[in-house]
Amino acid sequence: MDFPQSPSTASILSSPYARSLIAGGLAGTAVDLSLFPLDTLKTRLQSVGGFFANGGWSGVYKGVGSVIAGSAPGAALFFVTYEGVKSNLSARRLENKGQSTTGMSAAGDHMIAASLGEVAACAVRVPTEVVKQRTQASQFPSSWAALKHTFTANKSVLRIWSELYRGWGVTVMREIPFTVIQFPLWEAMKAWRGRQKGGRVNPGESAVFGSFSGAVAAAVTTPLDVLKTRLMLAKQKRSALSTFQGIVKEEGASALFRGIGPRILWISIGGAIFLGAFDSAKAALENL
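Throughout, residues of each chain are indexed from 1 in the direction in which the sequence is written. For this predicted model, a pLDDT threshold of at least 70 governs which residues receive local features, and a threshold of 80 or more governs which side-chain atom pairs are given and counted, while totals over whole chains, interfaces and linings are taken from all residues. Excluding hydrogens and water, the side-chain figures rest on all heavy atoms present in the structure.

**With respect to the overall build of the protein chain**
Alright, step 1. Labels follow the DSSP assignment, with helices taken as runs of H or I lasting at least four residues and strands as runs of E lasting at least two, numbered in each case from the N terminus. Along the backbone of the protein chain there are twelve helices and zero strands.
Alright, step 2. Tracing the protein chain from N to C terminus, the helices and strands come up as α-α-α-α-α-α-α-α-α-α-α-α.
Alright, step 3. Exposure is judged per residue with a 1.4 Å probe applied to protein chains only, and the accessible area is read against the type maximum: over 50% gives exposed, under 20% gives buried, and values in between give partly exposed. Across the 288 residues in the protein chain, those meeting the buried criterion constitute 49%.
Alright, step 4. Considering only intrachain contacts with a sequence separation of at least 6, the fraction spanning at least 24 residues in the protein chain is 76%.
Alright, step 5. Residue burial considers only the protein chains on display, and all accessible areas are found by Shrake-Rupley using a 1.4 Å probe. Carbon and sulfur atoms make up 67% of the accessible area of the protein chain, which amounts to about 13700 Å² in all. Working rule for contacts: check all heavy atoms of both residues, and any pair within 4.5 Å makes them a contact.

**A look at the pattern of salt bridges**
Alright, step 1. The salt bridge criterion pairs a side-chain nitrogen of Lys or Arg with a carboxyl oxygen of Asp or Glu, the two atoms within 4 Å. Applying the stated criterion to the full structure yields 19 salt bridges.
Alright, step 2. In this structure, Asp-39 and Lys-42 form a salt bridge, with 3.7 Å as the shortest nitrogen-oxygen distance. Of the two residues, Asp-39 and Lys-42 are both situated in helix α3 (residues 36-46); the distance of three residues between them amounts to about one turn of the helix. We note that Asp-39, like Lys-42, is buried.
Alright, step 3. Residues Glu-163 and Arg-166 are paired through a salt bridge, measuring 2.9 Å at the closest nitrogen-oxygen approach.
Alright, step 4. The exposure class of Glu-163 is buried, given its relative accessible area of 7%.

**Section: unusual backbone geometry**
Alright, step 1. Positioned with a positive phi, Ser-138 is a non-glycine residue whose angle comes to about 65 degrees.
Alright, step 2. Along the chain, Ser-138 turns up in the loop between α5 (104-136) and α6 (143-153).

**Topic: the side chain of His-110**
Alright, step 1. Tracing the chain through its elements places His-110 in helix α5.
Alright, step 2. Residue classification places His-110 among the buried positions, given a relative accessible area of 12%.

**Details of the packing of aromatic side chains**
Alright, step 1. Pairing of aromatic rings covers Phe, Tyr and the six-membered ring of Trp, with a centre-to-centre limit of 6.5 Å; geometry is then stacked below 30 degrees between planes, edge-to-face above 60, and tilted otherwise. Throughout the structure, instances matching the rule amount to eleven aromatic pairs.
Alright, step 2. On the numbers, 6.3 Å between centres and 65 degrees between planes, the contact of Phe-79 with Phe-183 is edge-to-face. Taken together, the residues span a long stretch of sequence, with Phe-79 in helix α4 (residues 64-97) and Phe-183 in helix α8 (residues 168-197) at a distance of 104 residues.
Alright, step 3. Owing to a relative accessible area of 0%, Phe-79 belongs among the buried residues under this scheme.
Alright, step 4. Taking 4.9 Å as the distance between ring centres and 55 degrees as the angle between the ring planes, the aromatic pair formed by Tyr-82 and Phe-183 counts as tilted. Of this pair, Tyr-82 sits in helix α4 while Phe-183 sits in helix α8, and the two are 101 residues apart along the sequence.
Alright, step 5. Among the aromatic residues, those joined into a ring-pair cluster are Phe-78, Phe-79, Tyr-82, Phe-183 and Trp-186.
Alright, step 6. In this structure, Lys-190 is placed above the aromatic ring of Trp-186, and the distance from its NZ or CZ to the ring centre is 3.7 Å. In this scheme, the term charge over a ring applies when either NZ of a lysine or CZ of an arginine sits within 6 Å of the ring centre and within 35 degrees of the ring normal.

**Focus: the environment of Val-201**
Alright, step 1. Mapped onto the fold, Val-201 is located in the loop between α8 and α9 (203-220).
Alright, step 2. In the structure, Val-201 is positioned eleven residues away from Lys-190 in sequence and 6.4 Å away in space, judged by C-alpha atoms.
Alright, step 3. Discounting residues that sit within four places of it in the chain, Val-201 has contacts with Lys-190, Arg-193 and Gly-194.

**What to know about the side chain of Thr-171**
Alright, step 1. Summarising the element assignment, Thr-171 is placed in helix α8.
Alright, step 2. In the analysis that follows, any N or O atom pair within 3.5 Å is treated as a polar contact, provided that within protein one partner can donate a hydrogen and the other can accept it, and provided that, for residues neighboring in sequence, both atoms belong to side chains. From its side chain, Thr-171 meets the backbone oxygen of Gly-167 in a polar contact 2.6 Å long.

**Looking at α3**
Residues three or four positions apart in an α-helix share a direction because the helix packs 3.6 residues into each turn.
Alright, step 1. In terms of residue burial, α3 counts as a mostly covered element, since nine of its eleven residues are buried.
Alright, step 2. Buried within α3 we find Phe-36, Leu-38, Asp-39, Thr-40, Leu-41, Lys-42, Thr-43, Arg-44 and Gln-46.

Written out as structure tokens, the structure is:
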């Protein structure tokens, strides 16, 4: 039985930004919760001391509380920014120059939109990652304990802020190249398939393209992910450069690719769920 919508609900869902926010939040939560154990294994492989010293196979859902709190708003922020910037750039380009919505110009729009989306999402993602990874690496028994320690061990607001956003720079450095690879590739494959079909791709096809583009981006950006993990887990704050030099000098360049297998697997499956779920939820909301 169909229930009538209230005017306020219909009005909210008529906005593409509201649909992106809701669909992005649902997609982000779905992927982060379903693949959390793989993320834990990757974090432990990348940590100082190695896999077993940081918890091994036990407690693979440690830190999931921070993900439950931060996943939906982070993903929603990303997609609202991404869809909004992409639409505005595309409309402006068509208006001023009459250019096509495909090709290199469109890829440039997707790169800019994805980069700005990641910067916006990192406002939520970085504190979530700091708490999550410290718990995953068995430094604290729970997300709440890790967050509480951040507030009790640092007396000033500035120090608390600094700890919660430790690794901000390198996280943005990792996320921008990641999305610059993943999203234009995903959008290009969807456009190619749409031209073949003569219509819109379905969520299943979007998921396959999201999986492939995510795997490529994950492999390329693994060294930045290792660097981010080390910065967030370090007992004392260090610069990205000194941390990078320390890894190469003490452990060899191959250490920069630790956890590449779980990372590719996690993001490949996650890309399928995340982008497939986003397109599926967005289409469902458009039809309400």
